[in-house]
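Chain and residue survey
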Amino acid sequence: MAWFGLPDGRQLHIGVTPDFQPRQKGHPALRCTDLGRVMTQLEGHGVPYRTDDDAGVPRLYLRDPWGNRLEIVEGQHAAPPVRRERP
């Protein structure tokens, strides 16, 4: 189990199970205000990543230490989140 925390109180908790299989397509997306600064940090720590702007915003993809796909987006996607009604 790993817990990551930010000074403003936001947290990300990650747990691993014995039969774990990393996600290849599905992934969480994290938002930042300066993607260039994130890339500088990743490069400084030797973390590989891939960039694209197919969603209309600058973003990158990387793998966490357990092999899961992560997305980091600068700003916001143009499309609003989909709200699903509960039955």
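Before any of the text, the structure's been laid out above.
Here's a quick rundown of the structure. (Residues numbered from 1 in each chain as written. Predicted model: local features only at pLDDT ≥ 70, side-chain atom pairs only at ≥ 80, totals over all residues. Heavy atoms only, no water.)

1. Things to note about the overall build of the protein
The helix and strand tally for the protein stands at one helix and six strands. Reading the secondary structure of the protein in the N-to-C direction produces β-β-β-α-β-β-β. The burial tally for the protein puts 21% of its 87 residues in the buried class. Taking the intrachain contacts of the protein between residues at least 6 apart in sequence as the baseline, contacts between residues at least 24 apart amount to 41%. Summed over all atoms, the accessible surface of the protein reaches about 7,200 Å², with 54% contributed by carbon and sulfur. (Helix = DSSP H or I, 4+ residues; strand = E, 2+ residues; numbered from the N terminus. Buried < 20%, exposed > 50% of the residue type's maximum accessible area, 1.4 Å probe, protein only. Contact = heavy atoms within 4.5 Å. Areas by Shrake-Rupley, 256 points an atom, 1.4 Å probe, with all protein chains shown as cover.)

2. Re the sheet that holds strand E5 (residues 59-63)
Here four strands make up an open sheet; going across it, the order is E3-E6-E5-E4 and the pairing mixed. Two strands lie at the open edges of the sheet, namely strand E3 (29-32) and strand E4 (49-52), each paired on one side alone. Averaged over all adjacent pairs, the angle separating strand axes in this sheet is 25°, with direction ignored. Sheet topology places E3 next to strand E6 (residues 69-74); four bridges connect them, and they run parallel. The partner of Cys32 across the bridge, within E6, is Glu74. Packed on one face of the sheet, helix H1 (residues 35-44) meets E3, E4, E5 and E6 and runs near 25° to E5. (Pairing = 2+ DSSP bridges. Axes fitted to C-alpha atoms, helices over the stretch in contact; angles between N-to-C directions.)

3. Things to note about the packing of aromatic side chains
All told, the structure shown has zero aromatic pairs when counted by the stated rule. Over the face of the ring belonging to Tyr61 we find Arg69, whose NZ or CZ atom lies 4.2 Å from the ring centre. (Phe/Tyr/Trp six-rings, centres within 6.5 Å; stacked < 30°, edge-to-face > 60°. Lys NZ or Arg CZ within 6 Å of the ring centre and 35° of its normal.)

4. Thoughts on the pattern of salt bridges
Here the structure, examined in full by the defined rule, presents four salt bridges. Of the charged contacts, one joins Arg59 and Asp52 as a salt bridge, the two residues approaching to 2.5 Å between their closest N and O atoms. Each member of the pair, Arg59 together with Asp52, is buried. Taking the relative accessible area as the measure of exposure, Arg59 reaches 12% and is therefore buried. Through salt bridges with shared partners, a single network forms among Arg50, Asp52, Arg59 and Glu71. (Salt bridge = Lys/Arg side-chain N within 4 Å of Asp/Glu carboxyl O.)

5. Focus: the pairing of strand E1 (residues 2-5)
With four bridges connecting them, E1 and strand E2 (residues 11-14) associate as antiparallel partners. Within E2, the residue paired with Phe4 across the bridge is Leu12. Linking two consecutive strands that pair antiparallel, namely E1 and E2, is a turn of five residues; a positive phi of about 100° is found at Gly9 within it.

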